[in-house]
Amino acid sequence: MCEQRPAARLALPVSVSGAAERIAAAHGAEILWTKLSSAHLMEVAAGGGVDLGASQEGGFIWPGFLPAYDAAATLVHLLGLLAAADRPLSAVRASLPPTHIAHEAIPAPWERKGTVMRGVVERAADRPTVLVDGVKIIEPEGWALVLPDPEAPVTHVWAEGPSAAEARRLLAVHAGQVADLTR
C-alpha cells in the first residue's frame, strides 16, 4: 500500500510493530494509531481520509469500499497492488524486516488497575509515550505497551525490540513494574 499510494493514511492498532511505522515513514505515509478493538479501528477507518485499516489478527478494512472487514475486498485490493508493483506476494513478504514482539498477561485485581496505570505513566514520565490505548512507552531500542484487559483481571504487556532477546528484556522490565504496582 505504501509503495503504490504515496502519502497513504493507514489506521493501525497501537500495538503493531514499529516496522510498520518505519515502512510508512519511508514512503511518506501517515499512521493513525487506534485502540486494539475492532470497533475503534472501524470507527477511525470510517472517519474519512483513511486508505487502509488493518488489525493484528489479519483483518483489513478498505474504507473507500466498506469501513468494515471484508476478505473478498482484501483479495481484490491485494491482487491490484501486487499487479501494480509487478511483484509476487512472496517477494513483498521477503522484503519485510524481522519483528520481535513479546507478550505477557500479569494478574491484576480489578481494584488495582487504575493504580497500575497511574504508576506506569509516572514511571514513564521521562520518555515519550502514546496514550491511545493503555500506555505505550517508547524506548531507545523499541517500545512497551501496558494495557489493562477490559474483561479479565489481568494487565497485558507487549514489548518490541530489535532482537527476540531485547524484546524479552523490555517485557521483563515493564511486566516487573506492573507486577510491583499490583501489590
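**Overview of the environment of Ala19**
In this fold, Ala19 is placed in helix α1 (residues 18–26). In contact with Ala19, not counting residues within four places along its chain, are Pro97, Thr99 and Glu160.

**Topic: the sheet that holds strand β3 (residues 52–54)**
Spatially, the five strands line up as an open sheet ordered β2-β1-β3-β4-β5, and their pairing is mixed. Two strands bound the open sheet, and with one partner strand each, they are β2 (30–34) and β5 (66–69). Direction aside, the axes of adjacent strands within the sheet are offset by 20° on average. Two strands pair when backbone bridges link them, and strand β1 (residues 9–13) and β3 are joined in this way by two bridges, in the parallel orientation. Opposite Ala11, over in β3, you have Gly53 as the bridge partner. Each of β1 and β2 is contacted by α1, which is oriented at about 150° to β2, the strand it contacts most. Its contacts with the sheet place helix α2 (residues 38–46) against β1, β2, β3, β4 (60–62) and β5, and it is angled at close to 160° to β5.

**Here we look at helix α5 (residues 113–123)**
Taken residue by residue, α5 has Lys113, Val116, Met117, Gly119 and Val120 as its buried positions. Relative to the axis of α5, the buried residues are bounded by an arc of 160° and lie together on one face. Those residues of α5 that are exposed and aimed more than 90 degrees away from the buried face are Arg118 and Glu122. Where the residues of α5 are buried, they touch β8 (135–139), β9 (142–148), β10 (154–160) and α6 (164–182).

**As for the pattern of salt bridges**
Applying the stated criterion to the full structure yields six salt bridges. The salt bridge partner of Arg127 is Asp126, with a shortest N-O separation of 3.4 Å. Overall, the relative accessible area of 23% leaves Arg127 in the partly exposed class. Look at Asp126 and you get exposed, because its relative accessible area is 65%. A salt bridge links Arg183 to Asp180, with the nearest nitrogen and oxygen atoms 2.7 Å apart. For Arg183, a relative accessible area of 68% gives the class exposed. Via salt bridges that share partners, Asp126, Arg127 and Glu139 belong to a single interconnected network.

How each quantity is defined
Residues numbered from 1 in each chain as written. Predicted model: local features only at pLDDT ≥ 70, side-chain atom pairs only at ≥ 80, totals over all residues. Heavy atoms only, no water. Helix = DSSP H or I, 4+ residues; strand = E, 2+ residues; numbered from the N terminus. Contact = heavy atoms within 4.5 Å. Pairing = 2+ DSSP bridges. Axes fitted to C-alpha atoms, helices over the stretch in contact; angles between N-to-C directions. Buried < 20%, exposed > 50% of the residue type's maximum accessible area, 1.4 Å probe, protein only. Arc of directions from axis to C-beta. Salt bridge = Lys/Arg side-chain N within 4 Å of Asp/Glu carboxyl O.

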